[in-house]
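Read off the chains here:
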Amino acid sequence: MPSSSLSGRTVLVSGATSGIGHQTARQLAERGATVLVHGRTTEEAHAAVDRLVTLSDVSAERLCPFGADFTRLEEVEQLADRVLAEHPHLDVLVNNAGMAAPERHTVTVDGNEIAFQVNFLAHYLLTDLLEPALTSEPGGRVVNVSSSLHRTGSIQWSDPNRARRYSRLAAYAQSQLALTVFAADPRVTAVSVHPGICTTSLLPLYAHEGVSPAEGAAHVVRLCDPAVEIVNGAYYDRDQRVAPAPAATEERTIKRLNKLADVLVGHTA
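Residues numbered from 1 in each chain as written. Predicted model: local features only at pLDDT ≥ 70, side-chain atom pairs only at ≥ 80, totals over all residues. Heavy atoms only, no water.

Draft legend 1. The arrangement of the side chain of Ser146 in detail. With respect to the helices and strands, Ser146 occurs in the loop between strand 5 (141-145) and helix 5 (168-182). Among residues more than four places away in sequence, those in contact with Ser146 are Gln176, Leu179, Thr180, Ser192, Val193, His194, Pro195 and Tyr235. (Helix = DSSP H or I, 4+ residues; strand = E, 2+ residues; numbered from the N terminus. Contact = heavy atoms within 4.5 Å.)

This is the structure in structure tokens:
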């Protein structure tokens, strides 16, 4: 693939301070994109940018650090406001930030189960708020970094916070299923990708060993390339398009999830 294929394009990568997100930011910048590097804090985002400039052949002008703690939806809103003000046109949003659900049931200040908020609701809100920038010109797209574990998940509609019965694996799988379902939302062209089992902080959920984060990131970067045609709602396992869990393509589930998410992020119509 020509390295210039992403020049002139602007991409926001959430969770870009480590793992697959960091490698995705690096590969995008090396191929000429302007990358908005998101971290939990502005300090972490600045440190990630410094590492990218020092350790790879990327100029600092093409990297813009942004901080927002996804356990606070107010910070997600502030992030979106800043991105819209500084980058009114966005070509790609990579929803990558993620966490393993904690051992104990944990609720954010917004009242949501923490993994559901960080892995899904924050991205739902961010995508919704950035829609004007993503649709300012044709071709804008969203790439959700999901997981093969979405197949084991179910959305507990009556108890999405899993307050009654909590298991960290079930909570994580639910968040990944929601993210995968969300890709079929018609507002912005979006796909989901399972980047493979990589040696990141989430590895223990899957296996004892995995491929490098750079290998996983390559599958994400491929889907950011306008030369790669995508179908809205498609799900990729690494570089192969495969069928997601049946729930991810059910219109009723998509509508129901949007309704639930709107309530949980405070965007009630």
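What follows picks up the thread again.
Draft legend 2. Geometry of the nonpolar core. Residues Leu12, Phe70, Val83, Leu90, Phe120, Leu126 and Leu130 are the most contacted members of the largest nonpolar core, which totals 45 residues. Contributing elements (two or more residues each) for this core: strand 3 (63-67), helix 3 (73-86), helix 4 (114-134), helix 5 and helix 7 (251-264). Looking at which element gives the most residues to this core, the answer is helix 4, with 12 residues. Other than its neighbours up to four places away in sequence, Val83 contacts Leu12, Leu36, Phe66, Pro88, Leu90 and Leu130. Grouped together as the second largest cluster of nonpolar side chains are 31 residues, Leu52, Val92, Leu223 and Ala234 included. (Core = buried A, V, L, I, M, F, W, Y, C linked by side-chain atoms within 4.5 Å. Buried < 20%, exposed > 50% of the residue type's maximum accessible area, 1.4 Å probe, protein only.)

Draft legend 3. View of the pairing of strand 1 (residues 10-13). With burial as the criterion, each face of strand 1 is covered, one bearing Thr10 and Leu12 and the other bearing Val11 and Val13. Relative to strand 2 (residues 34-39), strand 1 runs parallel, the two sharing 4 bridges. Counted as the bridge partner of Thr10 is Thr34 from strand 2. For the segment spanning strand 1, helix 1 (residues 19-30) and strand 2, crossover handedness is right-handed. (Pairing = 2+ DSSP bridges. Right-handed = clockwise from strand over helix to strand, strands pointing away.)

Draft legend 4. Representation of the packing of helix 4 against helix 5 in the model. Running from amino to carboxyl end, helix 4 crosses helix 5 at an angle of 20°, the nearest separation of the two axes being 7 Å. Between helix 4 and helix 5, the angle falls in the class roughly parallel. Judged by the sense of rotation from one axis to the other, the crossing of helix 4 with helix 5 is left-handed. For the pair helix 4 and helix 5, the contacting residues are Ala115, Phe116, Asn119, Phe120, His123, Tyr124 and Thr127 in the first and Tyr172, Gln174, Ser175, Gln176, Ala178, Leu179 and Phe182 in the second. Its residues assigned to classes, the contact of helix 4 with helix 5 comprises 8 nonpolar, 6 polar and no charged. (Axes fitted to C-alpha atoms, helices over the stretch in contact; angles between N-to-C directions. Parallel < 35°, antiparallel > 145°, perpendicular 65-115°, else oblique. Left-handed = near helix turned anticlockwise from the far one by under 90°. Nonpolar A, V, L, I, M, F, W, Y, C, P; charged D, E, K, R; others polar.)

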